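Spelled out from the first residue to the last, the chains are:
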Amino acid sequence: MPDHYDADHPVETMWEGRFITAKKKGRWEYVGRARGIRAAVILAIDPEDHVILVDQYRVPLGKRCIELPAGLVGDDDDKADEHAATAAARELEEETGYHAGRIENLGEFYSSPGMVSESFTLFRAHDLVKVGEGGGVDSEDIVVHRVPLSGLAQALEKWRGEGYAIDVKMLTLLGPSILG
């Protein structure tokens, strides 16, 4: 192994904020979540084969981003021991206005492992019932989209043309359709 992967190098915390920590191990710099915070991402497809998506302004990108509903697990002191499935159900309802009758854990994934140590747990929401308008909490300004799976590639192309960012997790829904 090259020396910048050397197990003898300790992990140094270069900077730590409320939600993010910048770290260094040898010559390798990376970012992770602070305080053991995790993320839950929700794949919600209704009985008519429409996927429930959200868009919101993302400061690091400087624009709105089309995403699967998601949220942090254990980000508030009163939720430090929150189970990821509970957070997923809560976030789905807050962001989209849909309640899931059942939440299925699809596993842990890493979105950008060369730069970020954060993982997320992907959940599939089943038995969806619309119970509200969604939109998030506080100042999240979330817009909810209900898109037919058969038209998702075209919808993403349209949004991209309008200047939206597209979250990498959209690839979970495109599958073979992006291969032409």
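Residues numbered from 1 in each chain as written. Predicted model: local features only at pLDDT ≥ 70, side-chain atom pairs only at ≥ 80, totals over all residues. Heavy atoms only, no water.

1. Remarks on unusual backbone geometry
Line of reasoning, step 1. Not every positive phi belongs to a glycine, and D49 is a case in point at roughly 60 degrees.
Line of reasoning, step 2. Inspection of the secondary structure puts D49 in the loop between β4 (38–44) and β5 (50–58).
Line of reasoning, step 3. By relative accessible area, D49 is classed as partly exposed at 46%. (Helix = DSSP H or I, 4+ residues; strand = E, 2+ residues; numbered from the N terminus. Buried < 20%, exposed > 50% of the residue type's maximum accessible area, 1.4 Å probe, protein only.)

2. Focus on the sheet that holds strand β10 (residues 143–148)
Line of reasoning, step 1. Strands sit in the order β10-β5-β6-β11 across an open sheet of 4 strands; the sheet is mixed. Only two strands of the sheet have a single partner each, and these edge strands are β10 and β11 (165–166).
Line of reasoning, step 2. Judged from the 5 bridges that link them, β5 and strand β6 (residues 63–67) form a sheet pairing that is antiparallel. Bridging across to β6, R58 finds its partner in K63. (Pairing = 2+ DSSP bridges.)

3. Description of the layout of surface pockets
Line of reasoning, step 1. Roughly 1,500 Å³ of internal volume is contained in the largest pocket.
Line of reasoning, step 2. Around the largest pocket sit 43 residues that line it, and R33, R58, E67, L72 and E118 are the ones nearest its centre.
Line of reasoning, step 3. Mapped by element, the contributors of at least two residues to the lining of the largest pocket are β3 (28–33), β4, β5, β6, β7 (70–73), α1 (84–96) and β11.
Line of reasoning, step 4. Of the residues forming the lining of the largest pocket, the biggest block, 4 residues, is contributed by α1.
Line of reasoning, step 5. Each residue belonging to the lining of the largest pocket can be placed in one class, and the counts come to 21 nonpolar, 6 polar and 16 charged. (1 Å grid on protein atoms, 1.4 Å probe; cavity = no way out; pocket = protein on both sides within 12 Å on 5 of 7 lines; lining within 4 Å. Points joined across faces, edges and corners; volume = space filled by probe spheres on them. Nonpolar A, V, L, I, M, F, W, Y, C, P; charged D, E, K, R; others polar.)

4. Thoughts on the sheet that holds strand β9 (residues 119–130)
Line of reasoning, step 1. Spatially, the 4 strands line up as an open sheet ordered β7-β4-β9-β8, and their pairing is mixed. Since the sheet does not close on itself, it has two edges, and those belong to β7 and β8 (98–110), each with one partner. Pairwise comparison of adjacent strand axes, ignoring direction, gives a mean angle of 30 degrees for this sheet.
Line of reasoning, step 2. As judged from the 6 bridges shared by β4 and β9, these two strands associate in the parallel manner. Bridge pairing in β9 links L43 to R124. (Axes fitted to C-alpha atoms, helices over the stretch in contact; angles between N-to-C directions.)

5. Some points on the nonpolar core
Line of reasoning, step 1. Counting 20 residues, the largest nonpolar core has V51, L53, L68, L152 and L173 as the members making the most contacts within it.
Line of reasoning, step 2. It is helix α2 (residues 152–161) that provides the largest number of residues to this core, a total of 4 residues.
Line of reasoning, step 3. Other than its neighbours up to four places away in sequence, L152 contacts V51, L53, V147, L173 and L174. (Core = buried A, V, L, I, M, F, W, Y, C linked by side-chain atoms within 4.5 Å. Contact = heavy atoms within 4.5 Å.)

This is a description of form; function is not addressed.
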